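Structure at a glance
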Amino acid sequence: MSVYELHYLLAKLTIKQVMSSPVTAVTMDTPLEEAARIMADQKIGGLPVLDQGELVGIITETDLFKVLLEMMGAREKGVRLNVRVPNRAGEIAKLSQAIFNLGGNIIALGTSAGEDPSTSTLTLKVVGPELEKLRTLIEPLVLRLTDIRTC
């Protein structure tokens with residue numbers, strides 16, 4: 001097929017021929033993580049947002065990345081730690097109290113599943129203490145310090 005034939009065929013292509021249907025949409029009160037799950041599961045980059053059946057906006061992958069940046073404190077300088085902890089009540093409280101006692105402030109905190117159901121992985125962004133002071137404080141309190149860096 002030549003370039004000219006390709007352009008000819010593309011000129012005849014309509015949105016109706018390439019759009020997804022039925023349309024998956026969310027409402028303004030849909031939790032953000034639910035919209036993200038829908039987008040990931042259905043491999044779509046954006047979702048129409050409805051209010052009483054009327055289109056009022058769109059949520060996109062870029063919007064989700066912006067939220068992730070804010071949630072992880074990516075726009076602020078500090079020390080970022082990844083730690084593995086037992087999956088039990090009080091582990092986050094123990095770490096946050098120790099960081100507070102060192103004069104630190106946790107500006108971001110994320111959790112994810114660990115290697116097995118008995119552990120969790122925590123990502124923290126801390127301002128205040130120096131990296132080495134945090135390392136010395138945190139290592140005895142966790143199963144494993146998997147990463148620590150200034151960013």
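Scroll up a little and you will see the structure.
The structure reproduced in this document is the subject of the present report. (Residues numbered from 1 in each chain as written. Predicted model: local features only at pLDDT ≥ 70, side-chain atom pairs only at ≥ 80, totals over all residues. Heavy atoms only, no water.)

**Examining the environment of Asn105**
We apply this condition: Counting from the N terminus, the helices are DSSP H or I runs at least four residues long and the strands are E runs at least two residues long. Exposure is judged per residue with a 1.4 Å probe applied to protein chains only, and the accessible area is read against the type maximum: over 50% gives exposed, under 20% gives buried, and values in between give partly exposed.
Among the structural elements, Asn105 can be located in strand E5 (residues 105–113). Residue Asn105 is classed as partly exposed on the basis of its relative accessible area of 43%. Counting along the chain gives 89 residues from Asn105 to Lys16, while the straight-line C-alpha distance between them is 52 Å.

**Things to note about the sheet that holds strand E1 (residues 26–27)**
Threshold: A pair of strands counts as paired when DSSP detects no fewer than two bridges linking them. For this analysis, residues touch if any pair of their heavy atoms sits within 4.5 Å. To get an axis, a line is fitted to the C-alpha atoms, and for a helix only the part in contact is used. The angle between two axes follows their N-to-C directions and goes from 0 to 180 degrees.
Strand order in the open sheet made by the 3 strands is E1-E2-E3, with mixed pairing throughout. Each edge of the open sheet is held by one strand with a lone partner, namely E1 and strand E3 (54–60). Across 2 bridges, E1 lies against strand E2 (residues 46–51) in parallel orientation. Bridge pairing links Val26 to Val49 in E2. Lying over the sheet, helix H3 (residues 32–42) contacts E1, E2 and E3, oriented at roughly 135° with respect to E2.

**Quick word on the pattern of salt bridges**
Basically, it comes down to this: Should a side-chain nitrogen of Lys or Arg be within 4 Å of a carboxyl oxygen of Asp or Glu, the pair is scored as a salt bridge.
In the structure shown here, the tally under the stated rule is 9 salt bridges. Asp147 is the partner of Arg80 in a salt bridge, and the nearest nitrogen-oxygen pair spans 3.2 Å. Highlighted residues: Arg80 in strand E4 (residues 79–86) and Asp147 in strand E7 (residues 144–150), separated in sequence by 67 residues. The exposure class of Arg80 is partly exposed, given its relative accessible area of 27%. Of the charged contacts in the structure, one is a salt bridge between Arg84 and Glu115, with a shortest N-O distance of 3.4 Å. Note that Arg84 is positioned in strand E4 and Glu115 in the loop between E5 and strand E6 (119–127), a separation of 31 residues in sequence.

**A word on the sheet that holds E7**
Pairing is antiparallel across the open sheet formed by 4 strands, whose spatial order is E5-E6-E4-E7. At either margin of the open sheet sits one strand with a lone partner, and together these are E5 and E7. For this sheet the average axis-to-axis angle between neighbouring strands, irrespective of direction, equals 20°. Where E5 lies against E6, 8 bridges are found, and the strand directions are antiparallel. By the bridge assignment for E6, Thr111 is matched with Leu122. In this fold helix H6 (residues 131–138) packs onto E4, E6 and E7, with an angle of close to 170° to the strand it touches most, E7.

**Examining the packing of helix H5 (residues 91–101) against H6**
When two helices pack together, their arrangement is given by the angle between the helix axes and by the axis-to-axis distance. To be explicit about the condition: Roughly parallel here means an angle under 35 degrees, roughly antiparallel means over 145, roughly perpendicular means 65 to 115, and every remaining angle is called oblique. Crossing handedness is read from the near helix: turned anticlockwise from the far helix by less than a right angle, it gives a left-handed crossing, and turned clockwise, a right-handed one. Each residue is assigned to one of three groups, with Ala, Val, Leu, Ile, Met, Phe, Trp, Tyr, Cys and Pro labelled nonpolar, Asp, Glu, Lys and Arg labelled charged, and all others, Gly among them, labelled polar.
Their axes nearest at 11 Å, the elements H5 and H6 cross at an angle of 140°. Taken as axis vectors, H5 and H6 run oblique relative to one another. By crossing handedness, the relation of H5 to H6 is classed as right-handed. Counted together, Leu95, Ala98 and Ile99 of H5 and Leu134, Leu137 and Ile138 of H6 form the full contact between these two elements. Of the residues that constitute the contact of H5 with H6, the class distribution is 6 nonpolar, no polar and no charged.

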